[in-house]
2 protein chains.
Amino acid sequence: MAKLEGNLVIAQGGGPTVVINQSLVGAVLKAREYPQIKRVYGAVHGVRGIVNEEFLDLTEVPREHLEDVAKTPSSALLSTRDKPDEAYCQEIFNVLKAHDVRYFFYIGGNDSADTCSIVKSAAEKVQYDLQVIHIPKTIDNDLQVTDHCPGFGSAAKFVSQAFAGVNLDNLSIPGVYIGVVMGRHAGFLTASSVLAKKSEDDGPHLVYLPERIFSIDQFISDVDRIYKRYGRCMVAVSEGIVDESGIPIVTKLSERVEQDAHGNVQLSGTGVLGDLLVREVKKGLPHIKRVRADTFGYLQRSFLGVVSEVDAFEAREVGKKAIEFAMTKMEDGSVAIKRVGDYAVEYFLTPLEAVAKVTKPMPDEFILNNNYITEDFIHYALPLIGKLPVCEKLSAPAVPKKIKTTKKT
Amino acid sequence: MAKLEGNLVIAQGGGPTVVINQSLVGAVLKAREYPQIKRVYGAVHGVRGIVNEEFLDLTEVPREHLEDVAKTPSSALLSTRDKPDEAYCQEIFNVLKAHDVRYFFYIGGNDSADTCSIVKSAAEKVQYDLQVIHIPKTIDNDLQVTDHCPGFGSAAKFVSQAFAGVNLDNLSIPGVYIGVVMGRHAGFLTASSVLAKKSEDDGPHLVYLPERIFSIDQFISDVDRIYKRYGRCMVAVSEGIVDESGIPIVTKLSERVEQDAHGNVQLSGTGVLGDLLVREVKKGLPHIKRVRADTFGYLQRSFLGVVSEVDAFEAREVGKKAIEFAMTKMEDGSVAIKRVGDYAVEYFLTPLEAVAKVTKPMPDEFILNNNYITEDFIHYALPLIGKLPVCEKLSAPAVPKKIKTTKKT
């Protein structure tokens, strides 16, 4: 069937990734190949830009410029945290209709898929032909159906390279190190902290995920055990770890502080969980003098220059495929990735409803007990982060001693 | 004069950098060219390894392996925080003498230069010929005499790329962002946060350094002004900022909390300063809803894969030059870098005493008022960080509105 003539709108929503513009540029350049698509518009600040009628015309932007934008981290069309309800989606639809838009593409996570689904319903109600495609992105890797999400591989590469470097730092000046990683409900990114490890004694030695109950007592006992074995201990912990009642550990530990302070102290901000865990280690294991925490924060999702080649390629492909699916199929949907062999991928379209609203936690087979990850996870994630830089420990024979026979401590 | 035959010991001290192994490998490979140098030993864990007689024999380690080690961040020989006193230095000398060491090289900061100087004195007292060379490294860039320090350029590259990425992130979802950068007494690294900026509205908009008094009231008023202008505000702040009495701001703000808590709350750890500044912004400017802080932490000095090509090259050169100076000159000293033109360098030997103990703050001409840096600093620092990745904002014409004429907020 011949597709309707009309305009196209593409937007980016939610937290940025370092390859989200690959999807944007992949879609825009592919869209410009089809004569049925008259103009290619980019909405500024996601769905809010649609409601405000803030569109950029991308139809004639030079390819060279777009190629530079594709390599640049964070949403080039800017983003929004707005989560549209029915009324908001109706507004979106009204604006799309006024601009003769027949193709709507939204690059985002599960909330964006939900928005796509509601906007589509609004169009159907008045029998307005609108094709809606969701293009997946999230560093959390927590979308349903797809094998993995564009954006995750590069964030995972950042986290693995960060831990690989700090592991050597911690080896050179030993102590306890806690790295707090993004991922409120899914532990994929925190688990990626192990991907550059070369041997068992490399850090992180402990990995705590939001999918498992975090017990402070067990944490202290785990750290104690590892520190006794290696003279140091590196911990990767997800920002979203919770206790047995589902209460975030950061809330629980902050409450202890607030109680001391008669409710006057409001501890909030990104570094808190790491600092609170440091305090617990110092309290529980006072003989360990050097205890440090870093919270990787926004660097994980936006750092300029750390990109997985595989992730960048796939992000580009899902953008292109979104257009191809729109032009060749009658369905709406979300572009998803299927893993084929070890390692190749295929792309397919899955219903919007299958991706909307619900997120995907780490599967059980990726989690070892409640303080580490499995080989299955490594096998799953390693192809996604691309090539790692050279990282080689010095190996050389020891020189026989001439004076001392015992080690000074 | 023919140089004495004997062995060589090289060690690495203090906080690691990502290019400190370039200096190590540069020195080791160059040393192996001289027949007077019988064996090339590496001390494990810096001066502590010498006292403990923990040496690795690097004389016959394959070049290919050393080249991989050179590319790897953090001290391959491991490090130490020991600051040797006279007695400790005497112990060092005793061990060096027992192993027939005639050449001692220490890669480190100003404390390491001081150690070199005291060890040399111990040798002179007993008329033992020992040539001592200090090889500079520090991410803080705070050594005297040298134009800049190996290790700084790569850390500065990390900080500038971090801010370049987060700037786009903050542009896409606006708010106040505070990035806390290493540098207890010198602001060079914090100042480097601006090096990837392309226009005035790019962040960071405010830069606070330890060389200037930090006033919380002025900070709040600065943030208010920038936020009104751009609808967002990005701040780079050095971990070492102090008030008018020289008291670190982190101590001052923590005390407020501790006072509330009747002394029970001990706030310590890397994320505290950022979180406390966030609290001050929220208190002082309650209309700003989104206020975030990241503390870059150990990633700045050890991140795998972010290396300034210039820095790596120069770190290698100071290692090689250290050996060449040792074999051709009679003096001991610290290898220093002289900038020639725009941009080339020469290497020279400066007395150990000129580098030992005292550090170098940012010169006044690099600091603008007490909340930003000057063009002079950019001109100074830009050649040191090497090539930056592509980073391009989208530019496209706006689409005329069809429904609305006013902007929804």
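Residues numbered from 1 in each chain as written. Chains lettered and ligands numbered in written order. Predicted model: local features only at pLDDT ≥ 70, side-chain atom pairs only at ≥ 80, totals over all residues. Heavy atoms only, no water.

Visitor: Tell me about the pairing of strand β4 (residues 101-108) of chain B, residues and numbers included.
Guide: All names here are of chain B. In terms of burial, β4 is largely enclosed, as eight of its eight residues are buried. Sheet analysis places strand β1 (residues 6-12) next to β4, joined by six bridges and oriented parallel. Counterpart to A11 in the pairing with β4 is Y106. Note: β4 against strand β5 (residues 131-136), six bridges, orientation parallel. Directly across from G108, in β5, lies its bridge partner P136. (Buried < 20%, exposed > 50% of the residue type's maximum accessible area, 1.4 Å probe, protein only. Helix = DSSP H or I, 4+ residues; strand = E, 2+ residues; numbered from the N terminus. Pairing = 2+ DSSP bridges.)

Visitor: Tell me about the packing of aromatic side chains, and please be specific about residues and values.
Guide: The tally for this structure, following the rule as stated, stands at 33 aromatic pairs over all chains. Residues A:Y41 and A:F55 carry aromatic rings whose centres are separated by 5.8 Å and whose planes lie at 25° to one another, so their mutual orientation is stacked. On the criterion of sequence distance, the pair formed by A:Y41 in strand β2 (residues 37-43) and A:F55 in strand β3 (residues 55-57) is long-range, its members being 14 residues apart. An identical accessibility class is assigned to A:Y41 and A:F55; each is buried. Consider the rings of A:Y177 and B:Y298, whose centres lie 6.0 Å apart with planes at 75°: the pair is edge-to-face. Here the residue A:Y177 occupies a position in strand β6 (residues 176-181), and B:Y298 occupies one in the loop between β9 (291-295) and α11 (299-302), the pair thus bridging two chains. Exposure class is identical for A:Y177 and B:Y298. Each is buried. Here the basic side chain of A:R102 rests over the ring of A:Y128, its NZ or CZ set 3.9 Å away from the ring centre. (Phe/Tyr/Trp six-rings, centres within 6.5 Å; stacked < 30°, edge-to-face > 60°. Lys NZ or Arg CZ within 6 Å of the ring centre and 35° of its normal.)

Visitor: Explain the environment of A:Q36 to me, using residue names and the numbers behind them.
Guide: Residues and elements named next belong to chain A. Take Q36: it is sitting in the loop between α1 (20-31) and β2. Along the backbone, Q36 and L8 are 28 residues apart, and their C-alpha atoms lie at a distance of 9.9 Å. Every residue in contact with Q36, bar those within four places of it in the chain, is listed here: K3, L4, E5, G6, Y103 and M327. (Contact = heavy atoms within 4.5 Å.)

Visitor: Talk me through the relation of the copies chain B and chain A; I want residue IDs and the actual numbers.
Guide: You can overlay chain B on chain A at an RMSD of 0.0 Å; the transform is a turn of 180° with a shift of 0.0 Å along its axis. What the rotation and shift describe, once combined, is the action of a two-fold rotation axis. Both copies contact each other with a shared surface, as 100% of the interface residues of chain B are interface residues in chain A too. (Least-squares fit on C-alpha atoms with pLDDT ≥ 70 in both.)

Visitor: Describe the packing of helix α4 (residues 86-98) of chain B against helix α5 (residues 110-125) of chain B, and please don't skip the residues or the numbers.
Guide: All names here are of chain B. Closest axis-to-axis distance for the α4/α5 pair is 9 Å, and the angle between their directions is 65°. Where α4 crosses over α5, the two elements pack in a sense that is right-handed. Here α4 contributes E86, C89, Q90, I92, F93 and L96 to the contact with α5, which in turn contributes T115, I118, V119, A122 and A123. A breakdown of the residues in the contact of α4 with α5 according to their chemical character gives eight nonpolar, two polar and one charged. (Axes fitted to C-alpha atoms, helices over the stretch in contact; angles between N-to-C directions. Left-handed = near helix turned anticlockwise from the far one by under 90°. Nonpolar A, V, L, I, M, F, W, Y, C, P; charged D, E, K, R; others polar.)

Visitor: Could you give me a rundown of the environment of B:S117, with the residues and numbers involved?
Guide: All names here are of chain B. Within the secondary structure, S117 is located in helix α5. C-alpha of S117 to C-alpha of K97: the two residues are 20 residues apart in sequence and 16 Å apart in space. Once residues within four sequence positions are removed from consideration, S117 is found in contact with L352 and E353.

Visitor: An account of the sheet that holds β2(A) is requested, with residue identities and associated values reported.
Guide: Residue and element names in this part refer to chain A. A sheet is described by the order of its strands in space; here seven strands give the open sequence β3-β2-β1-β4-β5-β10-β11, paired in mixed fashion. Looking along the sheet, the strands with just one partner apiece sit at the ends: β3 and β11 (344-350). With direction set aside, neighbouring strand axes in the sheet form an average angle of 30°. Examined bridge by bridge, strand β5 (residues 131-136) and strand β10 (residues 333-340) share two bridges and lie parallel to one another. What sits directly across from H134, in β10, is S334.

Visitor: Describe the packing of α1(A) against helix α12 (residues 309-328) of chain A, naming the residues involved and giving the relevant values.
Guide: Residue and element names in this part refer to chain A. Contact pair α1 / α12: the axes reach a minimum separation of 7 Å and the direction vectors enclose 35°. Crossing angle aside, the handedness with which α1 passes α12 is right-handed. Only A312, A315, R316, V318, G319, K320, I323 and E324 of α12 make contact with α1, whose side of the interface consists of Q22, S23, V25, G26, A27, L29, K30 and A31. Of the residues in the contact of α1 with α12, the class split is eight nonpolar, four polar and four charged.

Visitor: Describe the sheet that holds β9(B), naming the residues involved and giving the relevant values.
Guide: Backbone hydrogen bonds hold the strands of a sheet together, and the pairing may be parallel or antiparallel. Residues and elements named next belong to chain B. Spatially, β7-β8-β6-β9 is the arrangement adopted by the four strands of the open sheet, whose pairing is parallel. In this open sheet, the two edge strands, each paired with only one partner strand, are β7 (206-208) and β9. Taken pair by pair, the neighbouring strands of this sheet meet at an average axis angle of 15°, ignoring direction. Note: strand β6 (residues 176-181) against β9, five bridges, orientation parallel. When the sheet's bridge partners are listed, V176 is paired in β9 with V291. Contacts between helix α10 (residues 272-284) and the sheet are confined to β6, β8 (233-238) and β9, with β9 contributing the most and set at about 165° to the helix.

Visitor: Can you break down the pairing of β5(B) residue by residue, with the values?
Guide: Residue and element names in this part refer to chain B. Where burial is concerned, most of β5 is hidden: six out of the six residues are buried. Of the two faces of β5, the one holding Q131, I133 and I135 and the one holding V132, H134 and P136 are both buried throughout. This β-α-β element, β4 to α5 to β5, shows right-handed connectivity. (Right-handed = clockwise from strand over helix to strand, strands pointing away.)

Visitor: So what about the confidence of the model for chain A? Which residues, and what values?
Guide: In this model, chain A carries an average pLDDT of 93, and 94% of its residues clear a pLDDT of 70 or more. Interface scoring of the predicted complex returns ipTM 0.95; its pTM is 0.95. (pLDDT = per-residue confidence, 0-100.)

Visitor: With reference to specific residues and values, describe the side chain of A:T190.
Guide: Structurally, A:T190 can be placed in helix α7 (residues 188-191). When residues no more than four places from it in sequence are discounted, the contact partners of A:T190 are A:V181, A:M182, A:V207, A:Y208, A:L209, A:A236, A:V237 and A:S238.

Visitor: Talk me through the interface of chain B and chain A; I want residue IDs and the actual numbers.
Guide: Listed as interface residues are 96 residues of chain B and, on the opposing side, 96 residues of chain A. Contact between chain B and chain A buries roughly 8000 Å² in total, counting both sides, with carbon and sulfur atoms accounting for 61%. There are two salt bridges connecting chain B and chain A. A salt bridge links A:D169 to B:R301, with the nearest nitrogen and oxygen atoms 2.6 Å apart. Applying the counting rule to chain B against chain A returns 34 residue pairs in polar contact (both at pLDDT 80 or more). Elements supplying a minimum of two residues to the side of chain B that touches chain A: β3 (55-57), α3 (63-70), α4, α6 (152-172), α9 (249-260), α10, β9 and α11 of chain B. Take the side of chain B that touches chain A: its biggest share by element is ten residues, from α6(B). When grouped by side-chain class, the residues that make up the side of chain B that touches chain A number 46 nonpolar, 27 polar and 23 charged. (Buried area = accessible area lost by both parts, 1.4 Å probe. Salt bridge = Lys/Arg side-chain N within 4 Å of Asp/Glu carboxyl O. Polar contact = N/O pair within 3.5 Å; in protein donor to acceptor, adjacent residues only side chain to side chain.)

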